[in-house]
Amino acid sequence: ARGEDLKAIQSKGLRLICPDGTVCLWENVAASDDLNKLTQKFDVIFVAVKSHQIAPIADRFERLCHEKTMIVPLQNGIPWWYFYKHGGKYDGLHLSSLDPDGKLRKNIRIE
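Small disclaimer: the values here were computed from a predicted structure and weren't measured.

1. Examining the layout of surface pockets
Within this model, the largest pocket holds a volume of roughly 1,200 Å³. Lining the largest pocket are 33 residues, and of these Ala1, Ser32, Phe46, Val47 and Ala48 sit closest to its centre. Contributions of two or more residues to the lining of the largest pocket are made by α1 (3-12), β1 (14-17) and β3 (42-47). Of all the elements, β3 adds the most residues to the lining of the largest pocket, at six residues.

2. Remarks on a nonpolar patch on the surface
Together, Val44, Phe46, Met70 and Leu74 make up an exposed nonpolar region whose accessible area comes to about 390 Å². For Phe46, the location among the structural elements is in strand β3.

3. Observations regarding the side chain of Thr69
Mapped onto the fold, Thr69 is located in strand β4 (residues 65-73). Residue Thr69 is classed as buried on the basis of its relative accessible area of 8%. A polar atom in the side chain of Thr69 sits 2.8 Å from the backbone nitrogen of His66.

4. Points about the pattern of salt bridges
Applying the stated criterion to the full structure yields two salt bridges. A salt bridge links Lys7 to Glu4; the nearest nitrogen and oxygen atoms lie 3.6 Å apart. One end of the pair, Lys7, and the other, Glu4, are both in helix α1, three residues apart, so they sit about a helical turn from each other. Notably, a salt bridge pairs Lys103 with Asp59, separated by 4.0 Å at the nearest N-O pair. Pair noted here: Lys103 is in helix α2 (residues 103-107) and Asp59 is in the loop between β3 and β4, with a separation of 44 residues, a long-range link. On the accessibility criterion, Lys103 (23% relative accessible area) is partly exposed.

Calculation criteria
Residues numbered from 1 in each chain as written. Predicted model: local features only at pLDDT ≥ 70, side-chain atom pairs only at ≥ 80, totals over all residues. Heavy atoms only, no water. 1 Å grid on protein atoms, 1.4 Å probe; cavity = no way out; pocket = protein on both sides within 12 Å on 5 of 7 lines; lining within 4 Å. Points joined across faces, edges and corners; volume = space filled by probe spheres on them. Helix = DSSP H or I, 4+ residues; strand = E, 2+ residues; numbered from the N terminus. Patch = residues over 30% accessible without salt bridge, like charges linked within 9 Å, V, L, I, M, F, W, Y side chains within 5 Å. Areas by Shrake-Rupley, 256 points an atom, 1.4 Å probe, with all protein chains shown as cover. Salt bridge = Lys/Arg side-chain N within 4 Å of Asp/Glu carboxyl O. Buried < 20%, exposed > 50% of the residue type's maximum accessible area, 1.4 Å probe, protein only. Polar contact = N/O pair within 3.5 Å; in protein donor to acceptor, adjacent residues only side chain to side chain.

Function-wise, these values are silent; they only describe arrangement.
Structure (C-alpha cells):
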C-alpha cells in the first residue's frame, strides 16, 4: 500500500468481510511501501503491486518468511503459477511470459 491507503492500514489495521458477512479485524499489522523497512518474519504477506513489479522485489521476501509463511499476491489477470496443480494437460506449466527468468518461481513458494 502507499499514500492514504498505507496510512489507514497502519492506523486502523485490516478488515476482511467474508461472503457470509463475518468480519475479521487485524490491528497492529506491519504495512510498508518499502520492504527494506520490514525486519521481522511474518505469517502472511500480502503483495499488492502490479504483476510486472513482483520480479524486481521477489528476492526480498525470503528474509521475511518462516517455514509456514503464506505469500498472497494481489493481482488481476493470470499469475505465473496458474497451472501449478491445475490438472489436465497443462498441469505444472510455467508461464515464462510472466516469469521469463524464473525469479518468481525461485523466490516465492507455491503450495
